[in-house]
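# Tertiary structure, described
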Amino acid sequence: MENPQRLARPRLPFKSEKMGVLTGMLLGDAGMTKKYPRNLTICHSEPQKEYFEWKCSILEHFGFKKNKVREMHSKLGNKAFLVDFVDDKFKYFFRKFYRNENDKRLTRIVNRQNLRHLNLYGLAIWFMDDGNLSKKDYPYVCLNTQAYTYEEHVLLQKFFKKKYNLDVKIHKDKHYFKLYFGQENNTAKRFVKMIEPYIHNSIEYKLR
């Protein structure tokens, strides 16, 4: 796929490239609700406004229509921007990415059907949403995947090994888990090299 900085309008909906981007967004910070399964919600804080607008432009290039952007303010005065994109096609993603827990709690899930769509473009978006690179002692990357079960982490670990030959570790984070790309087989450096062409200018600080 071409560099997202020069993204052109795709011709057809839900080609593999689109699926990969949407998968990366949903693995990251994009959200959906049981009440509005036609809505895909994008939200970012004010320091990431440029990144927020870029993600919105991608979805608009894909032909999705957005509602009015809303500003949100926390009690501490922090500002964030939120917008809903609405399309019947999003119901497909709702069925694939969410399950009900006891008919009360809605939980996001990872499975093989979801991961088969994930491409480098989507992986870069997932990193920009939930990842960080540390160079303090040696390069390593973490993906903050604490929302997923241990079994789902094992599935993600196998996915990275099979598709990209990356030796990803599962680290315990208190009562949760997260993915860790370390030094083994230059995993962290190789991961960064894979996604770097797709990183938006305003998020490049995460790779420094």
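Each remark here, short or long, concerns the structure printed above.
Here the structure is a predicted model, which means the values were calculated and not measured. (Residues numbered from 1 in each chain as written. Predicted model: local features only at pLDDT ≥ 70, side-chain atom pairs only at ≥ 80, totals over all residues. Heavy atoms only, no water.)

The next thing to look at is the nonpolar core. If you look at the biggest cluster of nonpolar residues, it comprises 60 residues, and the most contacted ones within it are Leu 123, Ile 125, Phe 160, Phe 181 and Phe 191. When residues in this core are grouped by element, the largest group, seven residues, is from helix α5 (residues 120-130). Look past the residues within four positions of Phe 160 in its chain and what remains in contact with it is Leu 123, Trp 126, Leu 143, Asn 165, Leu 166, Val 168, Leu 179, Phe 181 and Phe 191. (Core = buried A, V, L, I, M, F, W, Y, C linked by side-chain atoms within 4.5 Å. Buried < 20%, exposed > 50% of the residue type's maximum accessible area, 1.4 Å probe, protein only. Helix = DSSP H or I, 4+ residues; strand = E, 2+ residues; numbered from the N terminus. Contact = heavy atoms within 4.5 Å.)

Turning our attention to the side chain of Asp 130. For Asp 130, the position within the fold is in helix α5. We note that Asp 130 is buried and unpaired, the nearest opposite charge coming from Arg 108 at a distance of 6.5 Å. Apart from residues no more than four positions distant in its own chain, Asp 130 is found in contact with Leu 27, Gly 28, Asp 29, Cys 142, Leu 143, Asn 144 and Lys 206. (Lys, Arg positive; Asp, Glu negative; His and termini not counted. Salt bridge = Lys/Arg side-chain N within 4 Å of Asp/Glu carboxyl O.)

A separate point is the pairing of strand β1 (residues 39-45). Most of β1 is tucked away, with five of its seven residues classed as buried. Note that β1 and strand β4 (residues 79-86) share seven bridges and pair antiparallel. Residue pairing across strands places Thr 41 opposite Asp 84, the latter belonging to β4. (Pairing = 2+ DSSP bridges.)

Let's shift gears to the packing of α5 against helix α6 (residues 150-164). Contact pair α5 / α6: the axes reach a minimum separation of 14 Å and the direction vectors enclose 140°. By the criterion of interaxial angle, the relationship of α5 to α6 is oblique. You can see that α5 and α6 cross each other, and the crossing is left-handed. Residues Leu 120, Leu 123 and Trp 126 of α5 touch α6, and the partners they reach there are Leu 156, Phe 160 and Tyr 164. Grouping the constituent residues of the contact of α5 with α6 by class yields six nonpolar, no polar and no charged. (Axes fitted to C-alpha atoms, helices over the stretch in contact; angles between N-to-C directions. Parallel < 35°, antiparallel > 145°, perpendicular 65-115°, else oblique. Left-handed = near helix turned anticlockwise from the far one by under 90°. Nonpolar A, V, L, I, M, F, W, Y, C, P; charged D, E, K, R; others polar.)

Another aspect to go through is the packing of aromatic side chains. Enumeration according to the criterion identifies 16 aromatic pairs in this entry. Measuring from centroid to centroid gives 5.3 Å for Tyr 92 and Phe 93, while their planes differ by 90°, and the two rings are edge-to-face. Using a relative accessible area of 1% as the deciding quantity, one classes Phe 93 as buried. Both rings, one in Phe 160 and one in Phe 181, keep their centres 5.3 Å apart while their planes meet at 85°; by these two values the pair is edge-to-face. (Phe/Tyr/Trp six-rings, centres within 6.5 Å; stacked < 30°, edge-to-face > 60°.)

The subject of this paragraph is unusual backbone geometry. Its identity as a non-glycine residue notwithstanding, Lys 174 has a phi of 60°, on the positive side. With respect to the helices and strands, the residue Lys 174 is situated in the loop between β9 (168-173) and β10 (176-181). Positive phi is not limited to glycine here, since Asn 185 has a value of about 55°. Mapping Asn 185 onto the fold places it in the loop between β10 and α7 (187-195). You can call Asn 185 partly exposed: its relative accessible area is 48%.

Now for the state of the cysteines. Counted under the stated rule, the structure contains zero disulfides. Take Cys 43: it sits in no disulfide, and the sulfur closest to it among the cysteines is that of Cys 56, at 10 Å. In this structure Cys 43 comes out as partly exposed when scored by relative accessible area, which is 29%. (Disulfide = S-S within 2.5 Å.)

Look at helix α1 (residues 16-27) against helix α2 (residues 49-61): their axes get within 11 Å of each other, and the N-to-C directions meet at 140°. The interaxial crossing formed by α1 with α2 has left-handed handedness. In this structure, α1 uses Val 21, Leu 22 and Met 25 to contact α2, whose residues at the interface are Lys 55, Ile 58 and Leu 59. The residue inventory of the contact of α1 with α2, partitioned by class, reads five nonpolar, no polar and one charged.

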